[in-house]
Amino acid sequence: TSIGSVGSKKTGALADCSALTIVNMPKLKIIGDHAFDCCSALSSVEFPLATDIGSSAFYKCKALKSIIIPKVTTIYDYAFNTCPAMESIVLTSPEDITIKSSSNSFGAYSNDTKDVTLTLNSNKQDEVNSDNPDTPKWKGFTWKAILFTE
């Protein structure tokens, strides 16, 4: 139930797969390092049971718009870096979500997510810095909007 497990030598299982557009893997629990790195046409991913997203897992997935990973608890560095088409990310685990190297997990700059709507579990409301409602922040990144769900 893993693709290139985090910490294993198997990485980049589907990297550079230019024909891949949509991924829905309902039983996958670990998305390993570089698993979908540079999948240029990948536009939508859904992993209902995944808990770990490895380093550079979706790095340079330039068409990636929609990310649904409701049970994720760990996101490693560069996981979603250089994904300029991102529109929405759903990370609704009620568990703590750890961002390893939070300065670059969602992009090289804190405003790389300014056009992205983030959906979190409602128990994460205290983690959001919403001093300015036009620029909500979570884990050091500025988001277009942050929504909450159970």
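Provided above is the structure to which this section pertains.
Presented here is a report on the structure given in the accompanying data block. (Residues numbered from 1 in each chain as written. Predicted model: local features only at pLDDT ≥ 70, side-chain atom pairs only at ≥ 80, totals over all residues. Heavy atoms only, no water.)

Another point: the overall build of the protein chain. Looking only at helices and strands, the protein chain features zero helices and 13 strands. In summary, the protein chain has a C-alpha radius of gyration of 14 Å against a globular reference of 15 Å for 150 residues, a match within 12%. The principal-axis extent of the C-alpha atoms belonging to the protein chain is close to 40 × 25 × 25 Å. Across the 150 residues of the protein chain, 41% fall into the buried class. Expressed as a percentage of contacts within the protein chain between residues at least 6 apart in sequence, the contacts between residues at least 24 apart total 40%. If you average the places of the 14 positive and of the 16 negative side-chain charges in the protein chain, the two averages end up 6 Å apart. (Helix = DSSP H or I, 4+ residues; strand = E, 2+ residues; numbered from the N terminus. Rg over C-alpha atoms; globule rule 2.2 N^0.38 Å. Buried < 20%, exposed > 50% of the residue type's maximum accessible area, 1.4 Å probe, protein only. Contact = heavy atoms within 4.5 Å. Lys, Arg positive; Asp, Glu negative; His and termini not counted. Charge placed at Lys NZ, Arg CZ, Asp CG, Glu CD.)

Tallied over the full model, the rule gives one salt bridge. Here Asp115 ties to Lys114 by a salt bridge, and the two come within 3.5 Å at their closest N and O atoms. By relative accessible area, which is 45% here, Lys114 ends up partly exposed. (Salt bridge = Lys/Arg side-chain N within 4 Å of Asp/Glu carboxyl O.)

This part covers the side chain of Asp52. Looking at where Asp52 falls in the secondary structure, it is placed in strand β5 (residues 52-53). In this structure, Asp52 is buried with no salt-bridge partner, the nearest side chain bearing the opposite charge being Lys100 at 8.1 Å. Here the side chain of Asp52 touches Thr51 through a polar contact of 2.9 Å, side chain to side chain. (Polar contact = N/O pair within 3.5 Å; in protein donor to acceptor, adjacent residues only side chain to side chain.)

This paragraph deals with the pairing of strand β10 (residues 117-121). By the criterion of burial, β10 is predominantly enclosed, with five of the five residues buried. In this sheet, β10 lies alongside strand β8 (residues 88-91) in parallel orientation, the contact comprising four bridges. Paired with Ser88 across the strands is Thr117, a residue of β10. As defined by bridge partners, β10 adjoins strand β13 (residues 145-149) across five bridges and the pair is classed as parallel. (Pairing = 2+ DSSP bridges.)

Tracing the backbone shows Lys100 in the loop between β9 (98-99) and β10. Judged by relative accessible area, Lys100 falls into the partly exposed class, the value being 37%. A C-alpha to C-alpha distance of 20 Å links Lys100 and Gln125, two positions 25 residues apart in sequence. Leaving out residues up to four positions away in the same chain, Lys100 has contacts with Thr74, Ile75, Tyr76, Asp77 and Ser105.

Right, let's get into the pairing of β8. Judged by which residues are buried, β8 turns out to be one-sided: Ile89 and Leu91 face inward and are buried, whereas Ser88 and Val90, on the alternate face, are not. The sheet contact formed by strand β6 (residues 66-68) and β8 spans three bridges and is parallel. If you follow Ser66 over to β8, its bridge partner there is Ser88.

Before going further, it helps to examine a negative patch on the surface. Taken together, the side chains of Glu95, Asp96, Asp126 and Glu127 define an acidic patch exposed on the protein surface. For Glu127, the position within the fold is in the loop between β10 and β11 (137-138). The exposure class assigned to Glu127 is partly exposed, which follows from its relative accessible area of 34%. (Patch = residues over 30% accessible without salt bridge, like charges linked within 9 Å, V, L, I, M, F, W, Y side chains within 5 Å. Areas by Shrake-Rupley, 256 points an atom, 1.4 Å probe, with all protein chains shown as cover.)

When a protein is soluble and globular, its nonpolar side chains tend to lie buried together. If you look at the biggest cluster of nonpolar residues, it comprises 37 residues, and the most contacted ones within it are Ile31, Phe36, Phe58, Phe80, Leu91 and Trp138. Elements represented by at least two residues in this core include exactly β8 and β10. Those residues within four positions of Trp138 in sequence are excluded, and the remaining contacts are Leu91, Ile97, Ile99, Phe106, Leu118, Leu120, Glu127, Val128, Trp143 and Ile146. (Core = buried A, V, L, I, M, F, W, Y, C linked by side-chain atoms within 4.5 Å.)

The next point concerns the side chain of Ser105. Structurally, Ser105 can be placed in the loop between β9 and β10. You can call Ser105 buried: its relative accessible area is 0%. For Ser105, the contacting residues outside a window of four places in its chain are Ile75, Tyr76, Asp77, Tyr78, Ala79, Phe80, Asn81, Ile99, Lys100 and Phe141.

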